[in-house]
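A structural walkthrough
The residues making up each chain are set out below.
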Amino acid sequence: EKVEALAANLELKAQSDRPRIMVYGVYNAGKSTLLNALMGAEKASMADRPETAKVQGYDWKGYSLLDTPGIDAPIEHEEVTEESLNQSDVVLFVVAAGGTAAENATWEAMMDIVARNRRVMLVINDKLGLDPEGPDYQAVVSNAREHMQMAAEKAGIENVLEHVPVCVINARTALKGRIEGKNLLIRRSGLEQLENRLYAFLETCDFAPVCRSAAKDVQDIIDA
């Protein structure tokens with residue numbers, strides 16, 4: 001069954017020279033809100049509890065964005081998350097500033113993804129509306145980088161900070177600004193900076209990372 005599923009995913013990946021992007025992270029960190037902000041419309045469900053049954057894809061500038069339940073979603077949703085990861089080559093890993101972002105399990109889950117040869121970008125959802133020039137804002141970014149480094153060292157992964165860029169956004173403000181056409185809100189939210197960095201990041205994720213992630217999946221099955 002795993003071989004057949006992998007064959008189907010490889011065939012899917014071979015149909016495009018662009019990577020597929022999985023939006024993943026802690027439940028209630030703002031994944032769906034981020035997706036909607038990027039698309040400028042409330043297309044992804046923003047329920048107050050984990051929802052799923054299938055992998056849902058959305059188009060963003062020619063790329064396919066896959067929504068997922070979340071790290072701590074109900075156990076019956078794990079297959080959906082695994083299917084999303086198998087289909088993806090790039091992962092937007094979303095955490096909320098503070099709270100669960102400090103939990104070791106969050107960063108261990110990220111390192112599991114890095115170990116599978118997926119390209120990862122960390123997106124910190126600043127629900128508190130911190131001042132980008134203030135010390136609290138800088139502390140949030142520094143804290144996230146420290147947790148990444150510690151988790152990477154534990155997993156035996158080198159130079160993780162060089163390969164995982166970090167962006168900060170207030171997803172709710174960004175979505176409100178996009179829907180209402182308020183440029184000031186969009187600028188304050190950090191959405192424009194995120195989009196620019198994300199687009200530049202994806203431009204470096206050509207077909208080579210797609211092949212590397214596919215090769216790792218094949219190797220994992222061989223090893224098993």
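To be clear, the structure that these remarks concern was listed above.
Residues numbered from 1 in each chain as written. Predicted model: local features only at pLDDT ≥ 70, side-chain atom pairs only at ≥ 80, totals over all residues. Heavy atoms only, no water.

Structural notes on the overall build of the chain
What counts here: Counting from the N terminus, the helices are the DSSP runs of H or I reaching at least four residues and the strands are the DSSP runs of E reaching at least two. Only the C-alpha atoms count toward the radius of gyration. The rule for a globule is 2.2 Å times the residue count to the power 0.38. Buried, partly exposed and exposed residues are distinguished by accessible area as a fraction of the type maximum, computed with a 1.4 Å probe on protein chains only: under 20%, between the cut-offs, and over 50%, respectively. Only heavy atoms enter the contact rule, under which two residues are in contact if any of them lie within 4.5 Å. Only the protein chains shown count as cover for residues, and all accessible areas are computed by the Shrake-Rupley method using a 1.4 Å probe. In this charge count, Lys and Arg are treated as positive and Asp and Glu as negative; neither His nor the chain ends contribute. For the purpose of locating charges, the reference atoms are NZ of Lys, CZ of Arg, CG of Asp and CD of Glu.
A tally of regular secondary structure across the chain gives ten helices and six strands. Relative to the globule expectation of 17 Å for 224 residues, the C-alpha radius of gyration of the chain, 17 Å, shows essentially globular dimensions. Along the three orthogonal principal directions, the C-alpha set of the chain runs to about 50 × 35 × 35 Å. The proportion of buried residues among the 224 residues of the chain is 47%. Within the chain, contacts between residues separated by at least 24 positions form 72% of all contacts whose residues are at least 6 apart in sequence. Accessible surface computed for the chain: about 11,600 Å², of which carbon and sulfur atoms make up 48%. Here the chain carries 24 positive and 35 negative side-chain charges, and the mean point of each set is 6 Å from the other.

A look at the pairing of strand β5 (residues 119–125)
Basically, it comes down to this: DSSP bridges decide pairing: two strands pair if at least two such bridges lie between them.
For β5, the buried fraction is high: six of the seven residues fall into the buried class. Pairing of strand β4 (residues 90–96) with β5 involves seven bridges; the strand directions are parallel. Across the sheet, V94 pairs through a bridge with V123, a residue of β5. Here four bridges tie β5 to strand β6 (residues 166–169), and the two strands are oriented parallel to one another. Bridged to L122 within β6 is V166.

Describing the packing of helix α4 (residues 104–115) against helix α5 (residues 135–155)
Two quantities define a packed helix pair, namely the angle between the axes and the distance from one axis to the other. Test applied: Structural elements are reduced to axes, namely lines fitted to C-alpha atoms, with helices fitted over the stretch in contact, and the angle between N-to-C directions of any two is expressed from 0 to 180 degrees. Each angle gets one of four labels, with under 35 degrees taken as roughly parallel, over 145 as roughly antiparallel, 65 to 115 as roughly perpendicular, and the rest as oblique. By the definition used in this description, the sense in which the near helix is turned from the far one sets the handedness, with an anticlockwise turn below a right angle giving left-handed and a clockwise turn giving right-handed. Think of it as three bins: nonpolar holds Ala, Val, Leu, Ile, Met, Phe, Trp, Tyr, Cys and Pro, charged holds Asp, Glu, Lys and Arg, and polar takes everything else, Gly as well.
Where α4 contacts α5, the axes come no closer than 9 Å and their chain directions differ by 60°. Relative to α5, the element α4 lies oblique. In this structure, the crossing between α4 and α5 has a hand that is right-handed. Here N104, W107, E108, M110 and M111 of α4 come into contact with α5, specifically with A144, H147, M148, A151, A152, K154 and A155. By residue class, the composition of the contact of α4 with α5 is eight nonpolar, two polar and two charged.

A few points about the packing of aromatic side chains
Convention followed: Stacked, tilted and edge-to-face are the three classes assigned to paired rings of Phe, Tyr and Trp, where Trp is represented by its six-membered ring and a pair needs centres within 6.5 Å; plane angles under 30 degrees give stacked, over 60 edge-to-face, the rest tilted. Working rule: Lys NZ or Arg CZ, within 6 Å of ring centre, within 35 degrees of ring normal, means a charge sits over the ring.
Taken as a whole and judged by the stated rule, the model has two aromatic pairs. Centre to centre, the rings of Y24 and F93 are 5.9 Å apart; their planes meet at 80°, and the pair counts as edge-to-face. Here Y24, found in strand β1 (residues 21–25), pairs with F93, found in strand β4; they are 69 residues apart in sequence, far enough to count as distant. Note on accessibility: Y24 and F93 belong to one class, buried. A cation sits over an aromatic face here: K61 above Y199, 5.5 Å from the ring centre.

Points about the sheet that holds strand β2 (residues 56–60)
Each strand in a sheet pairs with its neighbour through backbone hydrogen bonds, running either in the same direction (parallel) or in the opposite one (antiparallel). Taken together, six strands build an open sheet; the order of strands is β2-β3-β1-β4-β5-β6 and the sheet is mixed. In this open sheet, the two edge strands, each paired with only one partner strand, are β2 and β6. Going across the sheet, the axis of each strand differs from the next one's by a mean of 30°, ignoring polarity. Looking at chain direction, β1 and strand β3 (residues 63–67) are connected through three bridges and run parallel.

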